Each structure stands twice: as structure tokens, then as C-alpha cells.
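# Structure assessment
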Amino acid sequence: MADPSEGALEQFCVLAKSAGGGRAVVGIVQQALNAKKVFFFGELLAMPTVSALKGTEHAPHLDLLEIFAYGTYDRPSRNIP
């Protein structure tokens, strides 16, 4: 039986793959985190456009996505949106 969140996450991965910049990717991350049927975020984290947020002004959004994906946060000095 397929995971019901798979299709929901897939749409965000497709969007992230074609996103042009940090602000667009942040919007996609926010939508994925707010989606009621998405519970797993590993595939979205693996997208190059999402991992490219690291070290930018948008890095806190990547940190927040990692919290949802892994359930832990080891860098308390960072601001989370």
C-alpha cells in the first residue's frame, strides 16, 4: 500500500526542482510544512535547490525543514522562522 503523503510531497519536489531562487524555494518549503498530508520531508531536503539554502539568508527555513524531517535541532544559536 502506498504512503498517502507521497503524492502530496511529490508536487513540492517538482516545484522545488524548477524553482529559480532562494525566495521561491522558501515559499515551497513553507507550503510543504503547512500541507496537511505531508509527513515526510527527506525527499524535499534532498533537492539541490533546497539544500542550496544553507549558508544564505534563507538558511533558517532549511533548519526548520530539518526539524520537521529529523525531529531534532542541534544549532540553538540560529533563528527559526
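Quick note: structure is the one above.
Note that the structure is a prediction, hence the values are computed from the model and not measured. (Residues numbered from 1 in each chain as written. Predicted model: local features only at pLDDT ≥ 70, side-chain atom pairs only at ≥ 80, totals over all residues. Heavy atoms only, no water.)

### Structural notes on helix 5 (residues 59-70)
To keep things clear, this is the line we draw: Helix and strand assignments follow DSSP, with helices taken as H or I runs no shorter than four residues and strands as E runs no shorter than two, numbered in order from the N terminus. In a helix, the anticipated span is given by 1.5 Å times the number of residues less one. Only protein chains enter the area calculation, which uses a 1.4 Å probe; residues under 20% of their type maximum are buried, those over 50% are exposed, and those in between are partly exposed.
End to end, helix 5 covers 16 Å across 12 residues, agreeing with the expected 16 Å (1.5 Å per residue, within 8%). Taken together, the buried positions of helix 5 are A59, P60, H61, L62, D63, L64 and L65. The first or second residue beyond helix 5 is G71, which carries a positive phi of 75°.

### Looking at helix 2 (residues 22-34)
Helical periodicity: at 3.6 residues per turn, an α-helix aligns residues three or four positions apart in one direction. What counts is decided by this rule: What the arc measures is the spread of directions leading from the helix axis to the C-beta atoms.
With 13 residues, helix 2 extends 18 Å from end C-alpha to end C-alpha; this agrees with the ideal 18 Å at 1.5 Å per step. Those residues of helix 2 that fall on the buried side of the exposure criterion are V25, V26, I28, V29, A32 and L33. Projection of helix 2 onto a plane perpendicular to its axis shows the buried side chains occupying an angular sector of 165°, all on one side. Opposite the buried face of helix 2, by more than 90 degrees, sit the exposed residues R23 and N34.

### Notes on the nonpolar core
What counts here: For the purposes of this section, nonpolar cores are sets of buried Ala, Val, Leu, Ile, Met, Phe, Trp, Tyr and Cys residues that join through side-chain atoms within 4.5 Å. In this analysis, two residues are considered to be in contact whenever any of their non-hydrogen atoms come within 4.5 Å of each other.
Of all hydrophobic cores here, the largest spans 22 residues; its most connected members are L44, V50 and L65. Among the secondary structure elements, those contributing two or more residues to this core are helix 1 (5-18), helix 2, helix 3 (42-45) and helix 5. Of the residues forming this core, the biggest block, six residues, is contributed by helix 2. What L65 contacts, discounting residues up to four positions off in sequence, is V29, L33, F41, L44, L45 and V50.

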